[in-house]
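Overview (structure and organization)
One letter stands for each residue in the lines below.
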Amino acid sequence: MNKIINKIPDAMDKVKEKNPLTHCITNFVTVNDCANAILAIGASPIMADDDAEVEEIVEIADSLVINIGKLSKFQIAAIKKSCEYASKTNTPIILDPVGCGISKLRNEITIDLITNYNIQAIRGNMSEVKAIARLLEIDLSNNIKGKGVDVSKDDIITKENLSENGEIVKKIALKTNSIVIASGPIDIISDGNLIIAIENGNEMMEKITGSGCMLSSIVGSFLAFNDPFIGSITSSLLMSIAGEKAREYVNNKNLGTGTFRSKLIDYLFLLDSDEIISKGNIYLIE
Amino acid sequence: MNKIINKIPDAMDKVKEKNPLTHCITNFVTVNDCANAILAIGASPIMADDDAEVEEIVEIADSLVINIGKLSKFQIAAIKKSCEYASKTNTPIILDPVGCGISKLRNEITIDLITNYNIQAIRGNMSEVKAIARLLEIDLSNNIKGKGVDVSKDDIITKENLSENGEIVKKIALKTNSIVIASGPIDIISDGNLIIAIENGNEMMEKITGSGCMLSSIVGSFLAFNDPFIGSITSSLLMSIAGEKAREYVNNKNLGTGTFRSKLIDYLFLLDSDEIISKGNIYLIE
Amino acid sequence: MNKIINKIPDAMDKVKEKNPLTHCITNFVTVNDCANAILAIGASPIMADDDAEVEEIVEIADSLVINIGKLSKFQIAAIKKSCEYASKTNTPIILDPVGCGISKLRNEITIDLITNYNIQAIRGNMSEVKAIARLLEIDLSNNIKGKGVDVSKDDIITKENLSENGEIVKKIALKTNSIVIASGPIDIISDGNLIIAIENGNEMMEKITGSGCMLSSIVGSFLAFNDPFIGSITSSLLMSIAGEKAREYVNNKNLGTGTFRSKLIDYLFLLDSDEIISKGNIYLIE
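This section reports on the structure supplied with the text. Given the structure is predicted, the values throughout are model-derived calculations rather than measurements. (Residues numbered from 1 in each chain as written. Chains lettered and ligands numbered in written order. Predicted model: local features only at pLDDT ≥ 70, side-chain atom pairs only at ≥ 80, totals over all residues. Heavy atoms only, no water.)

On to the sheet that holds strand E9 (residues 282-284) of chain C, then. Residues and elements named next belong to chain C. Taken together, nine strands build an open sheet; the order of strands is E2-E1-E3-E4-E5-E6-E7-E8-E9 and the sheet is mixed. Each edge of the sheet is formed by a strand with only one pairing partner; in this case those strands are strand E2 (44-46) and E9. Pairwise comparison of adjacent strand axes, ignoring direction, gives a mean angle of 20 degrees for this sheet. Summarising the sheet, strand E6 (residues 179-183) and strand E7 (residues 187-190) pair through three bridges and their orientation is antiparallel. (Pairing = 2+ DSSP bridges. Helix = DSSP H or I, 4+ residues; strand = E, 2+ residues; numbered from the N terminus. Axes fitted to C-alpha atoms, helices over the stretch in contact; angles between N-to-C directions.)

In structure tokens:
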């Protein structure tokens, strides 16, 4: 574990030094938060999704984030073209399978991307991750659908289901040869070998839109110049500790989710690796 | 009046207990605020508008909000398909006729939706509501166009024109068999029988984009499991009292509309039914 | 210089009195910030980009802002139609060539708009402005590409390169017969005759998305009823002094970019001409 934690400062420094250009093809609901999250950690966002230019954008970009939160046939064409080009040029691809499990369209694009392109990391809530497990025909004891794009209540990661969910995450990582991040009050991250839990999240993250999308976006920035497992862990710690501090701020002042959203970005901007390491509640499940 | 007010706590509890999945087909300007407003009151948003999946989304959704703020031919196809499906499955539909009156396109879609689908509630500013009255050939003494998507100065609801505007709102409600909400510094709500005024709004609501769209969105969440008249009244009280508190906060600290926007969401999250009932300035016009 | 500064109060008053309806065809990343910025200074935004209605919207609008931050073939059709109509009706057009230089698509639309329509003002970062200089075959000593939609580090306007960059800005203004605004920590504005520098910007403006887009949007509102050079200078002063005050607020409280973004809009709303004139660090380069 210490071997991993010791690499966090360097991962954060690299983002701030190299300002990776993070190309996001994403949804219009949270796109502004994603751009501001990427800027807050020291990287640069670009949100282009017209198929007439996506190859040129991937060419100058350092990583590519695909978020399927609001698909259209035009965006799907741009997604495929950009993933094709990113796979060819070894540009890391990060997939956020928003709402996977709730429509055929989302299931089809998810399985297509996982199967045919070189995806380095997948980040979803536990309902979406279970939907992927089903698509990949990995055995599942239960069969629960997400609440739209939010996690279903029965799928929220808790101490009690941590080990069971950890196994699912690991199996997907193994089968897809990628890092899988299931985020929630507890995050689970696996590279197909280790399973790591991060217990810094809080329920207020689910009370704003975009906390998951923002995490996927900064994973994109972190994976540009870092080992994908270290980059994913650092992203998850950063986002969930920013969330803890934002909740603390809001609770102290008796404010709500509007302020929470601004403070979350504030702390993404302010947090340094010392504070992340000292506050990080991270441990191996197996 | 007390009979109505006594039902507010239950309406709010139902949203928090049942977390209605509120499907919004809406514009890209205020979509993030709408999602955060829905989450703040305890419901779940989903913003899908590709016609390849809208039927599946309506299927799992508890209500459907149609906002015509930034139409395209693709969105119109998705709007019709989803309204068709929602009408068939008795999913409540809420219409926000943004900018009705300023273009043929907006007039056509508005009249089409009102005429051919089972709309439960319509929420607009008074310029948009008057434009609908014209489309429905309800007699009008004046003939004023909205200022783009904002209310025209001459259409702002005041004490002086309250009775006249109340009649227009009631006539539309009667003719369309839906709840009509004209919002502004004073809100007017009618079910075609009663006309109710809510005097908790303030001019700062017009100084940010999205206060109207947010209101329509939470009407969507409230109508999923509540009587539509009670749900509309509760939504209107909640939004306008949140606006009062946000303005008070901002004025006390000498801040502006950027902070106002965050605080508005804060108070949507924090307000309980006791405060809403005690602060609500609500009365019957007739 | 005093002749220019003396006209600022009147320019600001005109926006607040006439509430110009500012029609923006823009990107989905920062559209909400643009609408709120326009409202904060006292104007009205409308963000319509379907070609079925853009002519009617231009007809009622007082100015047209074209931002190419997230193009699609459908938006391009709407852009051309609206620019055609605006040129015919003498509606001021403001161009924000977001990401010009990074793709053929963006270069083509930029040169097309500059060449074929009556553009009154162009606002970009120095990388975008240099890309335009190249497209117009104005001689350039170096040849640097923007960092996606952000300015490249080598293109940031500083005291050292101010005179050289000022010449480029002036040459474009002369050749295109429009006002050119290159914004950054220092802004350069030229009407093809004078070159003016405004030194009120700060590096935090680049740490949020949308500060450039917002500036272009309020230039749109200011150009509706004002002399374009005065309107551009006033917009630039307003935005950069709002940025100064927002940074001061955030630094005093040890907060970050999330709060900075809200405060920027607050100060756009709060600033008056006295404070702008007293704080404005504005001077002639030549």
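Moving on, there is more to tell.
Attention shifts here to unusual backbone geometry. Residues and elements named next belong to chain A. Here Glu137, not a glycine, exhibits a phi torsion of approximately 60 degrees, which is positive. Within the secondary structure, Glu137 is located in the loop between helix H7 (126-135) and helix H8 (162-176). You can call Glu137 exposed: its relative accessible area is 70%. (Buried < 20%, exposed > 50% of the residue type's maximum accessible area, 1.4 Å probe, protein only.)

Glancing now at the sheet that holds strand E1 (residues 21-25) of chain A. All names here are of chain A. With mixed pairing, nine strands are arranged side by side in an open sheet as E2-E1-E3-E4-E5-E6-E7-E8-E9. In the strand order of this sheet, the two ends are held by strand E2 (44-46) and strand E9 (282-284), each with one partner. Sheet twist, expressed as the mean angle between neighbouring strand axes with direction ignored, is 20 degrees. Sheet topology note: the strand E3 (residues 63-67)/strand E4 (residues 93-96) ladder contains four bridges and is parallel.

Before going further, it helps to examine the relation of the copies chain B and chain A. For the match of chain B to chain A, the screw axis carries a shift of 0.0 Å, the RMSD comes to 0.0 Å, and the turn is 120 degrees. Considering both components of the superposition, the chain copies are consistent with a three-fold axis. Looking at the rotation axis and the C-alpha trace of chain B, the residue lying nearest is Phe28(B), at 3.6 Å. Looking at the interface residues of chain B, only 11% of them are also at the interface in chain A, so each copy uses its own face. (Least-squares fit on C-alpha atoms with pLDDT ≥ 70 in both. Contact = heavy atoms within 4.5 Å.)

A word on the relation of the copies chain A and chain C. Note on the identical chains: chain A maps onto chain C by a rotation of 120 degrees and an axial translation of 0.0 Å, with an RMSD of 0.0 Å. An overlap of only 11% is found between the interface residues of chain A and their copies at the interface of chain C, pointing to separate contact surfaces.

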